[in-house]
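# Chains, contacts and geometry: an overview
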Amino acid sequence: MMASASEATSAKDAEIILWDCQNYTELKRLPGHDLTITELAFNHSGTALLSVSRDRTFCLYTLPPDTSDPASFTLLLRSPTPHSRALTSVAWAPDDALFATGARDKTLAVWPGTASSLDAPGSRKLGSRKFEAAVTALGFAPRRCGGRAMLAV
């Protein structure tokens, strides 16, 4: 399966499209954003998909625990605006325990990666850091060092 998104000026166009890679047919559209989705990231187990957008929100889509059908992804959570400007990047930690978001407001934010911890993401932020320029790319190291996640910004 493949997930894609394109430039959008309205919620109608700001959808993720899930594709069957065997024959490149559309499986499902996932609504959730109001403007262009700037980045998508599956977690490492393939059971969750994060999207970030120019609308200053992130969306978390998950598969129900009893299925592996990719067409079963549903919106679990749309964050309130965790950043003051467009979100540009998102990355999962290798163990899926954390994810990070970056934005044009020069801020990096780290969130718990478990769905049960995301019921109020605006107040559940684990930490944030302000930089001198927009945060445009994020990447976690493939393993922890000394028990700590390593993140490139």
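Anyway, here's the lowdown on the structure attached to this text. Along each chain, residue indices are assigned from 1 in the same order as the chain's sequence is written. Totals for whole chains, interfaces and linings use all residues, but because this is a predicted model, local features are given only for residues with pLDDT of at least 70 and pairs of side-chain atoms are given and counted only at 80 or more. Computation of side-chain values: all heavy atoms of the structure, hydrogens and water removed.

### Examining a nonpolar patch on the surface
Put simply, a patch holds well-exposed residues, over 30% relative accessible area, that have no salt bridge, with like charges counted together within 9 Å and Val, Leu, Ile, Met, Phe, Trp or Tyr side chains within 5 Å. Areas reported as accessible are Shrake-Rupley estimates using a 1.4 Å probe. Residue values count occlusion only from the protein chains shown. Salt bridge, as used here, is a side-chain nitrogen of Lys or Arg placed within 4 Å of a carboxyl oxygen of Asp or Glu. A cluster of nonpolar side chains, namely M1, L27 and F42, defines an oily patch on the protein surface of about 220 Å² accessible area. Where helices and strands are cited, they refer to DSSP runs of H or I of at least four residues and of E of at least two residues respectively, numbered from the N terminus. As for its placement among the helices and strands, L27 is situated in strand β3 (residues 25-30). A simple rule labels every residue: compare its accessible area, found with a 1.4 Å probe on the protein chains alone, to the largest value its type can have, and call it buried under 20%, exposed over 50%, or partly exposed in between. In this structure L27 comes out as partly exposed when scored by relative accessible area, which is 33%.

### Quick notes on the packing of aromatic side chains
Pairs of aromatic rings are described using the distance from one ring centre to the other and the angle between the two planes. Here a Phe, Tyr or Trp ring, Trp counted by its six-membered ring, pairs with any other such ring whose centre lies within 6.5 Å, and the pair is stacked when the planes are under 30 degrees apart, edge-to-face when over 60, and tilted otherwise. A complete count under the given rule lists five aromatic pairs for this structure. Aromatic pair W92 and F99: ring centres 5.4 Å apart, planes at 55 degrees, arrangement tilted. For the pair shown, W92 and F99 are each scored as buried. Note on F99 and W111: the rings are 6.4 Å apart at their centroids and 20 degrees apart in plane angle, and the pair reads as stacked. Highlighted residues: F99 in strand β9 (residues 98-103) and W111 in strand β10 (residues 107-112), separated in sequence by 12 residues. Taken individually, F99 and W111 each receive the classification buried, so the pair is uniform in this respect.

### Considering the pattern of salt bridges
All told, the structure shown has six salt bridges when counted by the stated rule. The shortest N-O distance in the salt bridge between R29 and E15 comes to 3.5 Å. With R29 in strand β3 and E15 in the loop between β1 (2-4) and β2 (16-20), this residue pair connects regions lying 14 residues apart in the sequence. Judged by its relative accessible area of 18%, E15 is buried. D34 is the partner of R78 in a salt bridge, and the nearest nitrogen-oxygen pair spans 3.1 Å. Placement of the pair is R78 in strand β7 (residues 74-78) and D34 in the loop between β3 and β4 (37-42), with a sequence separation of 44 residues. Judged by its relative accessible area of 36%, D34 falls in the partly exposed class.

### A closer look at the environment of K12
As for its position among the elements, K12 is in the loop between β1 and β2. Of the residues examined, K12 reaches a relative accessible area of 67% and is grouped as exposed.

### Comments concerning the nonpolar core
Throughout this description, the term nonpolar core refers to a set of buried Ala, Val, Leu, Ile, Met, Phe, Trp, Tyr and Cys residues connected via side-chain atoms within 4.5 Å. Counting residues in hydrophobic clusters, the biggest one holds 14 residues, and the most contacted among them are L50, F58, L60, V90, W92 and F99. Broken down by secondary-structure element, the contributors of at least two residues to this core are β5 (48-53), β6 (58-62), β8 (87-92), β9 and β10. With residues near it in sequence (within four places) discarded, V90 still touches E39, L40, A41, L50, V52, F99, A100, T101 and L138. Among the nonpolar cores identified, the runner-up in size contains 10 residues, and L30, I37, C59 and L63 belong to it. Working rule for contacts: check all heavy atoms of both residues, and any pair within 4.5 Å makes them a contact.

### Let's talk about the sheet that holds β9
Two strands qualify as a pair provided DSSP detects at least 2 bridges between them. The strand order β8-β9-β10-β11 describes an open sheet built from four strands, whose pairing is antiparallel. Every other strand in the sheet has two partners, leaving β8 and β11 (127-130) as the edge strands with one partner each. Sheet twist, expressed as the average angle between the axes of neighbouring strands with direction ignored, equals 15 degrees. Bridge count between β9 and β10: five bridges; the pairing is antiparallel. Paired with G102 across the strands is L108, a residue of β10. Think of each axis as a best-fit line through the C-alpha atoms, taken over the contacting stretch in the case of a helix, with angles from 0 to 180 degrees between the N-to-C directions.

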